[in-house]
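Fold and geometry: a report
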Amino acid sequence: MPHSFGYRARTRHMFKRGFKEHGPVKLSTFLINYRVGDIVDIKANAAQQKGMPHKYYHGRTGIVYNVTPSAVGVIVYKVVGNRYLEKRVNLRVEHVRHSKCRQEFLDRVKSNHEAHVAAKASGERINLRRIPALPREARSVSTSENTPQTIVPLPYETTI
């Protein structure tokens, strides 16, 4: 049972760098632009201890509400009891990245718009809704040229 209750207690594996990702932070990290309203994922980078999030926010997704030269402010909703609290967390840019959670939706909006324009030009109706995957079709196995075989385990043999 742990007896230390520090700010980074029990984060041995959570904050470790990935395989072949050790060393200083890449400069491309600082060249990414963040704007107010962007959706970002919070992932702590152990190479930079300044502006690091608390372990609760590691892996959470939030919305940028403030941008400074070296940090961003992120709104994250935290479940406390039976309610959601809006938490405002200030993090350095090393600990955030743009989220891909909305990319599939944006791609679908674009493809639906193109399909809608093409259908309107040809004058036909088109269904733009997502259709769930149906069950696979039934198959029957014929035994005419495929005789059943009985499979039995081989007896154990010692080769000494």
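Residues numbered from 1 in each chain as written. Predicted model: local features only at pLDDT ≥ 70, side-chain atom pairs only at ≥ 80, totals over all residues. Heavy atoms only, no water.

In the annotation of an unreviewed UniProt entry, the entry for the protein reads Ribosomal protein L21e-domain-containing protein, and the organism field reads Lentinula aciculospora. Listed in UniProt under the heading Sequence similarities (unreviewed entry), the comment for the protein reads: "Belongs to the eukaryotic ribosomal protein eL21 family." (UniProt positions renumbered as here; feature names shortened; annotations may be inferred.)

**Some thoughts on the packing of aromatic side chains**
Throughout the structure, instances matching the rule amount to one aromatic pair. With a centroid separation of 5.1 Å and an interplanar angle of 90°, the aromatic rings of tyrosine 56 and tyrosine 57 are classed as edge-to-face. Among the residues examined, tyrosine 57 registers a relative accessible area of 10% and is labelled buried. Directly above the aromatic system of tyrosine 56 lies the positively charged group of lysine 78, at a separation of 4.5 Å from the ring centroid. Over the ring of tyrosine 65 we find arginine 88, and its NZ or CZ is 4.5 Å from the ring centre. (Phe/Tyr/Trp six-rings, centres within 6.5 Å; stacked < 30°, edge-to-face > 60°. Buried < 20%, exposed > 50% of the residue type's maximum accessible area, 1.4 Å probe, protein only. Lys NZ or Arg CZ within 6 Å of the ring centre and 35° of its normal.)

**What about the environment of glycine 73?**
Mapped onto the elements, glycine 73 comes out in strand β3 (residues 71–80). Residue classification places glycine 73 among the buried positions, given a relative accessible area of 1%. Spatially, the C-alpha atom of glycine 73 lies 9.7 Å from that of valine 93, the residues being 20 residues apart in sequence. In contact with glycine 73, other than residues within four places in its own chain, are Ile63, Val64, Tyr65, Asn66, Val89 and Asn90. (Helix = DSSP H or I, 4+ residues; strand = E, 2+ residues; numbered from the N terminus. Contact = heavy atoms within 4.5 Å.)

**Focus on the side chain of histidine 95**
One can find histidine 95 in the loop between β4 (83–92) and β5 (96–98). Of the residues examined, histidine 95 reaches a relative accessible area of 0% and is grouped as buried. Side-chain polar atoms of histidine 95 contact the backbone oxygen of glutamine 48, separated by 3.2 Å. Setting aside chain neighbours within four positions, we find histidine 95 in contact with Asp41, Ile42, Lys43, Ala44, Asn45, Gln48, Lys50, Gly51, Met52 and Pro53. (Polar contact = N/O pair within 3.5 Å; in protein donor to acceptor, adjacent residues only side chain to side chain.)

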